[in-house]
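Single-letter residue listing:
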Amino acid sequence: METDEILMGVALSEARAAAAAGEVPIGAIAAKDGKVIARGQNRVLRDCDPTAHAEMVALRAAAKAVGNYRLTECELFVTLEPCPMCAGAMIHARLGRLVYAAADPKAGAAGSVLDVLNHPRLNHRMAVTEGILAEECGELLRGFFRERR
């Protein structure tokens, strides 16, 4: 199995754990040199924090792990395309690369609704890979919201 798929599988495990805790099932992991250095899952409800998206949780932990808020040599693997808030944090962190599974046609900021990550007027560009394990991650989200209806 390719490294991107393996690492996205770890992010998917975080998403499943978020679902088990009653959160929207989104997971993220930060990797450096192909190794997981930080994990995150949605914690908005548990932490009563509107900024506790999986990406934000993973970025905070990654910065602590490397001892720097600049994450230029890191990659972030997320089960859903990031929102504008999370995309902005990735730019500020100077993240090296984003890999996401499912596109978010309602709030995605990596090209679906907005293209914050590589906007020509912003001062940082990053490589973006999309669609890794998209079906599995999308089905987890669809199933979660089906149960809520």
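Residues numbered from 1 in each chain as written. Predicted model: local features only at pLDDT ≥ 70, side-chain atom pairs only at ≥ 80, totals over all residues. Heavy atoms only, no water.

## Comments concerning unusual backbone geometry
And step 1. A positive phi angle is found at Arg-94, which is not glycine, with a value near 55°.
And step 2. Mapped onto the secondary structure, Arg-94 falls in the loop between helix 4 (84-92) and strand 4 (97-102).
And step 3. Unlike most non-glycine residues, Leu-133 shows phi in positive territory, near 55°.
And step 4. With respect to the element layout, Leu-133 can be found in the loop between strand 5 (127-130) and helix 5 (134-148).
And step 5. Leu-133 gets classed as buried once you look at its relative accessible area, which sits at 18%. (Helix = DSSP H or I, 4+ residues; strand = E, 2+ residues; numbered from the N terminus. Buried < 20%, exposed > 50% of the residue type's maximum accessible area, 1.4 Å probe, protein only.)

## Some remarks on the pairing of strand 1 (residues 27-32)
And step 1. The buried count for strand 1 comes to five of six residues, which makes it a mostly enclosed element.
And step 2. One ladder, built from six bridges, connects strand 1 with strand 2 (residues 35-41); its direction is antiparallel. Each bridged residue has a counterpart across the sheet, and for Gly-27 the counterpart in strand 2 is Gln-41.
And step 3. The loop that links strand 1 with its antiparallel partner strand 2 comprises two residues; one of these, Asp-33, has a positive phi angle of about 55°.
And step 4. Bridge count for strand 1 against strand 3 (residues 74-80) is five bridges, and the pairing is antiparallel. In the strand pairing of strand 3, Ala-30 is matched with Leu-76. (Pairing = 2+ DSSP bridges.)

## Some remarks on the pattern of salt bridges
And step 1. Counted by the stated rule, this structure contains nine salt bridges.
And step 2. Residue Asp-4 is joined to Arg-97 by a salt bridge in which the shortest nitrogen-to-oxygen separation is 2.6 Å. Residue Asp-4 is found in helix 1 (residues 3-20), and its partner Arg-97 is found in strand 4; the two are separated by 93 residues along the sequence. Accessibility assignment for this pair places Asp-4 and Arg-97 in one class, buried.
And step 3. Looking at Arg-97, the relative accessible area reads 16%, which means it is buried. (Salt bridge = Lys/Arg side-chain N within 4 Å of Asp/Glu carboxyl O.)

## As for the sheet that holds strand 2
And step 1. Strand order in this open sheet of five strands is 2-1-3-4-5, and the pairing throughout is mixed. Both edges of this open sheet fall to strand 2 and strand 5, since each of them pairs with a single strand only. Neighbouring strand axes in the sheet, compared pairwise and without regard to direction, differ in orientation by 20° on average.
And step 2. Where strand 4 lies against strand 5, four bridges are found, and the strand directions are parallel. Bridge assignment links Tyr-100 to a residue of strand 5, and that residue is Glu-130. (Axes fitted to C-alpha atoms, helices over the stretch in contact; angles between N-to-C directions.)

## Describing the nonpolar core
Soluble globular proteins tend to pack their nonpolar side chains together in the buried interior.
And step 1. Within the largest apolar cluster, 31 residues are counted, with the highest numbers of intra-cluster contacts made by Leu-76, Met-90, Leu-95, Leu-98 and Leu-117.
And step 2. For this core, the secondary-structure elements that each account for two or more residues are strand 1, helix 3 (54-66), strand 3, helix 4 and strand 4.
And step 3. Not counting chain neighbours up to four residues away, the residues in contact with Leu-76 comprise Ile-29, Ala-30, Glu-55, Ala-58, Leu-59, Met-90, Leu-95, Arg-97, Leu-98 and Val-99.
And step 4. Formed by 13 residues, the second largest nonpolar core is a distinct cluster that contains Leu-7, Val-10, Ala-11 and Leu-12. (Core = buried A, V, L, I, M, F, W, Y, C linked by side-chain atoms within 4.5 Å. Contact = heavy atoms within 4.5 Å.)

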